[in-house]
Amino acid sequence: MREVLLRLEELLFLADPGIKLESMQDDGEVIRIGVRCRTTGARCPGCESWSGQVHGSYLRFPADLPMSGRRVVLQLRVRRFRCEDVSCGRRTFVEQVAGLTRRYSQRTERMRSALAEVGLALAGRAGARLADILGARVSRNTVLRLVEALPEPQPQVPRVVGVDEYAMRKGRVYGTVLVDVETRRPVDLLPDREAGTVAAWLAEHPSIEVVCRDRAPFFAEGASIGAPTAVQVADRFHLWRNLGEAAERCVSRHRLCLRATFAELAPEKTPAPEQAESGSPWPTGHRFADRTRAKHAAVHVLLAAGHSRRSIQRQLGMTYRTVQRLADAARPEDMFQGQWQNRRTAGRS
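What counts, and where the lines are drawn
Residue positions are given per chain, counted from 1 along the sequence in the order it is written. Where totals are concerned, whole chains, interfaces and linings use all residues; where local detail is concerned, this predicted model gives features only for residues with pLDDT of at least 70, and gives and counts side-chain atom pairs only at 80 or more. Values reported for side chains reflect all heavy atoms of the structure, with hydrogen atoms and water molecules removed beforehand. Angular values range over 0 to 180 degrees, each being the angle between N-to-C directions of two axes fitted as lines to C-alpha atoms, with helices fitted over their stretch in contact. The helix and strand labels rest on DSSP assignments: H or I over at least four residues marks a helix, E over at least two residues marks a strand, and numbering proceeds from the N terminus. The scheme is simple: roughly parallel for angles under 35 degrees, roughly antiparallel for over 145, roughly perpendicular for 65 to 115, oblique for anything else. The handedness criterion is simple: a crossing whose near helix is rotated anticlockwise from the far helix by less than a right angle is left-handed, and one whose near helix is rotated clockwise is right-handed. A contact between two residues is defined here by any heavy atoms of the two lying within 4.5 Å. Gly falls in the polar group here, along with every residue not listed as nonpolar (Ala, Val, Leu, Ile, Met, Phe, Trp, Tyr, Cys, Pro) or charged (Asp, Glu, Lys, Arg). Given the number of residues in a helix, its expected span is that number minus one, multiplied by 1.5 Å. For every residue, the accessible area (1.4 Å probe, protein chains only) is compared with the maximum for its type, and the residue is labelled buried under 20%, exposed over 50%, or partly exposed between those bounds. For this quantity, the arc is that covered by the directions from the helix axis to the C-beta atoms. Two strands form a pair only when DSSP identifies at least two bridges running between them. Here a cavity is any set of points on a 1 Å grid over the protein atoms alone where a 1.4 Å probe fits but cannot get out, and a pocket is any open set with protein on both sides within 12 Å along at least 5 of 7 lines; a residue lines the site when it has an atom within 4 Å of a point. Grid points are joined across faces, edges and corners, and a volume is the space filled by probe spheres set on the points. A score between 0 and 100, pLDDT records how confident the predictor is in each residue. Each polar contact in these results corresponds to two N or O atoms within 3.5 Å; when the atoms are within protein, one needs to be able to donate a hydrogen and the other to accept it, and residues that are neighboring in sequence are counted only if both atoms are side-chain atoms.

> What exactly am I supposed to notice about the packing of helix α8 (residues 287-304) against helix α9 (residues 309-316) here?
Running from amino to carboxyl end, α8 crosses α9 at an angle of 135°, the nearest separation of the two axes being 10 Å. Overall, the two elements α8 and α9 adopt an arrangement that is oblique. Where α8 crosses over α9, the handedness of that crossing is right-handed. Residues Ala-298, Val-299, Leu-302 and Leu-303 of α8 form the contact with α9, whose participating residues are Arg-309, Ile-312, Gln-315 and Leu-316. Tallied by class, the residues present in the contact of α8 with α9 amount to six nonpolar, one polar and one charged.

As structure tokens, this is what we get:
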């Protein structure tokens, strides 16, 4: 058993001389490992003085990295020391294991780092689901808090900087965004897009060699003042945009030539057939017109043969109102009403 504990101690804590592993319990779901510190004393976090006077001890249970899909909880025996410096405001303090614990933390430092990396990759909800699968049960809010607690990364001073505007209130308030073109990461945000603000920022970063900007005059002026030795270039987006606008202007100037060429190549239009002498707005071959003419002719043929309108309704399968309208119309063109004659509807004034 002692050999197993020594091997486990070496794997978990990399043979840290300040930590001693005392016990291990595995109930199938959680692995509990008893740990204590080997040091004889600790430094006061207030005055940095060394103290070896033990005031008391208690157990802490920080969660550690999971093992084989099971949660690992440390049963850490920590000691409370008396501060020997009478001028210090602290009477007692608790020892902290460097690289393993911090004040009020419920997780070890490596557990916090792992969850923070998961949060950076997947954010809150997805990060919490993945951590639960791996054996570290946390909420999405905890993952987000660990990400927010990370120190802000210090960006390197760029060699090639991209300058462009962004809208804080579209059409009214604009600022300036500066991007490291080589790494494609934002570097800084300026509160406005004035030439003086851009020039002051560039003057504070003399290592900039290339300024990539659009055609805005205030950016050109700011780059010339703040980085007079830097080369000013346009990015691919603005190059394509400039090319497109130039092509559009060229086509617009020569649009009369294009119309003349199109008129020469366009086939001659066949003249539309003249309207029938009856004055019908629909030529022969129109689907609705031909159907109306056929119904009108069938109704008047049956009327001439002596059939009643009720009989015609049953024979042709029409409503009585439709038969009545066709019978009352002297010619089929009288049926062409409404939108077909561009007549106003009842809803229009």
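> I would appreciate a short explanation of α8 in the present structure.
For an α-helix, 3.6 residues make a turn, and residues three or four places apart therefore share a direction. The terminal C-alpha atoms of α8 lie 26 Å apart, and with 18 residues this matches the ideal 26 Å at 1.5 Å per residue to within 8%. Of the positions making up α8, those classed as buried are Ala-289, Thr-292, His-296, Val-299 and Leu-302. Seen end-on, α8 carries its buried residues on one side only, within an arc spanning 170°. In α8, the exposed residues that point more than 90 degrees away from the buried face are Arg-287, Val-301 and Ala-304.

> Explain the side chain of Ser-105 to me, please; I cannot follow it from the model alone.
Turning to its location among the elements, Ser-105 is positioned in the loop between β8 (92-94) and α2 (109-134). Setting aside chain neighbours within four positions, we find Ser-105 in contact with Arg-60 and Arg-112.

> It is not clear to me how the sheet that holds strand β13 (residues 231-234) should be interpreted in this structure. Could you clarify?
Strand pairing within a sheet occurs via backbone hydrogen bonds; the two strands may be parallel or antiparallel. Strand order in the open sheet formed by five strands is β11-β10-β9-β12-β13, and the pairing between neighbours is mixed. Each of the sheet's edge strands pairs with one partner strand only, and the pair in question is β11 (185-190) and β13. Here the average twist between neighbouring strands, direction ignored, is 30°. Relative to strand β10 (residues 173-180), strand β9 (residues 160-169) runs antiparallel, the two sharing eight bridges.

> Please clarify how the packing of α9 against helix α10 (residues 320-328) should be interpreted in this entry.
Angle between the axes and distance between the axes are the two parameters that describe a pair of packed helices. It is the contact of α9 with α10, at a shortest axis distance of 9 Å, that shows an interaxial angle of 115°. Like other packed secondary-structure pairs, α9 and α10 cross with a definite hand, here right-handed. Packed against α9, whose contacting residues are Arg-309, Arg-310, Ile-312 and Gln-313, the element α10 presents Tyr-320, Val-323, Gln-324, Ala-327 and Asp-328 at the interface.

> What's the story with the layout of surface pockets in this structure? I'm lost.
Counted as a void, the largest pocket has a volume near 450 Å³. Listed by contribution, the elements that provide at least two residues to the lining of the largest pocket are β3 (42-43), β5 (54-60) and β8. The greatest single-element share of the lining of the largest pocket, amounting to three residues, is contributed by β8. Looking at the lining of the largest pocket residue by residue, the classes come out as 11 nonpolar, five polar and seven charged.

> Can you help me understand the confidence of the model for the chain in this one?
The predicted coordinates should not be examined in detail at positions where pLDDT is low. When pLDDT is averaged across the chain, the result is 81; 83% of the residues are at 70 or more. Contacts of residues 274-278 to residues separated by more than four positions or lying in other chains number four contacts, the stretch itself having pLDDT below 50. Taken as a whole, residues 339-349 scores under 50 in pLDDT and shows eight contacts with residues more than four places along the chain or in a different chain.

> Would you take a moment to explain the environment of Ser-139 for this structure?
Positionally, Ser-139 belongs in the loop between α2 and α3 (140-148). A distance of 3.0 Å separates a polar atom in the side chain of Ser-139 from a polar atom in the side chain of Thr-142.

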